[in-house]
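# Overview (structure and organization)
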Amino acid sequence: MSEDITSLSEELKHRKQALVICEAFFYFLTILVAVIGNSCVLLAVYRNRRLRTIPNYYIASLAISDILLPLLCAPYSATVVIIGYWPFSHNACQAQGFFVIILACASLLILTLTAINRFYRMVRTKHYRRIFTKTKTIVMIVFCFGLACMEPLPYLLSGRYYVFHPGKLFCFQTSEISIPNFLVYGYVGLPTFTLSICYVLVFKRMRIHQRTVQNLRSSSLAEENITHADVKATKILFVTVMGFLACWTPISAIDFVDTFRGEVTFPREVYVLYFILGNLSGAINPFVYGVLNRNFRQEYRKIFMLRKRNSRVQRLQLDFTDHSVQNRRYKESTIC
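Summarised in this report is the structure supplied together with it. These numbers were taken from a predicted model, which means no experiment stands behind them.

## Details of the state of the cysteines
Across all of its chains, the model carries one disulfide by this definition. Disulfide pairing is shown between C93 and C171; the S-S distance is 2.0 Å. Torsion about the S-S bond of the C93 and C171 cystine: about -120 degrees, corresponding to left-handed handedness. In this pair, C93 sits in helix α4 (residues 90-122) while C171 sits in strand β2 (residues 170-172), placing the two residues 78 residues apart along the sequence.

## Observations regarding the pattern of salt bridges
Considering all chains together, one arrives at five salt bridges under this definition. Of the charged contacts in the structure, one is a salt bridge between R15 and E23, with a shortest N-O distance of 2.6 Å. Considered together, R15 and E23 belong to a single accessibility category, that of buried residues. Here E299 ties to R47 by a salt bridge, and the two come within 3.2 Å at their closest N and O atoms. You can see E299 sitting in helix α13 (residues 294-335) and its partner R47 sitting in helix α2 (residues 17-47), a full 252 residues away along the chain. Residues joined by salt bridges that share partners form a network here, namely R15, E23 and R268.

Conventions used here
Residues numbered from 1 in each chain as written. Predicted model: local features only at pLDDT ≥ 70, side-chain atom pairs only at ≥ 80, totals over all residues. Heavy atoms only, no water. Disulfide = S-S within 2.5 Å. Helix = DSSP H or I, 4+ residues; strand = E, 2+ residues; numbered from the N terminus. Salt bridge = Lys/Arg side-chain N within 4 Å of Asp/Glu carboxyl O. Buried < 20%, exposed > 50% of the residue type's maximum accessible area, 1.4 Å probe, protein only.

By themselves, these observations are geometric and do not establish any function.
Okay, here's the thing in structure tokens:
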């Protein structure tokens, strides 16, 4: 174990109690928001047929990834945040590192797929309905998850293992210059480049639409049946991409510097920020959908008002039962 890792381990173990409480509070809050928020996204899509659109298939699959990441990985990191060291087995460390990598890659691949979907819907409109049917969309999403599962294999098959990083608070690949270590940047770089190009072309097309929307007869977009709903869905998915990149770009930069130098480079505070951003990326999307999409917002209200309505129904049922009992007793007393 290097001196830097040892230093981070000591800092983690000897934190002040107030810092432990603060870090644990924000971590548990982020995880809770991510799980509940993304569960509401899935429930909203299930309950409302108007939300069962192809763009929302990507939103639902992203929500699944954002639920699985905390469910599969958070119990280990939550324990570490509280007690200050890694108490689990080597196999548990390998499992956590594996799931962190594949679910992060799956999220990025799904976002790239949404960008390609928007490109065909807004730019190559004639081919959209042939390529993006519901069945083909589901197959593409499954393929993204399968491709993400392939990413850790070169690293693991090369004889390397995931190791616990006391700054990042979870198990991750070692910091060294090697082909398996740099393959992850291929998984990050190529999709990021692809979705960036797609959205540049999409927004260029949307600007043309805005300039010609006053004259629908001369608008090529109007002829191709691109609606206001398509434009709105594109903006929502773009904001989702921006939120993801805002969280994961600093993370990728930190990992790249550590890997290039082959050692721990930053102080513990930077790695804590790294840890927070990674978890925050899965918690912000439900808010984006709720703010920008009226159907999601309405379903959220119905979901959170359900308990209140059920409680009201139960009270009415109890009141009706009490009233019936009183009437029966009154009749019995009258007969007597």
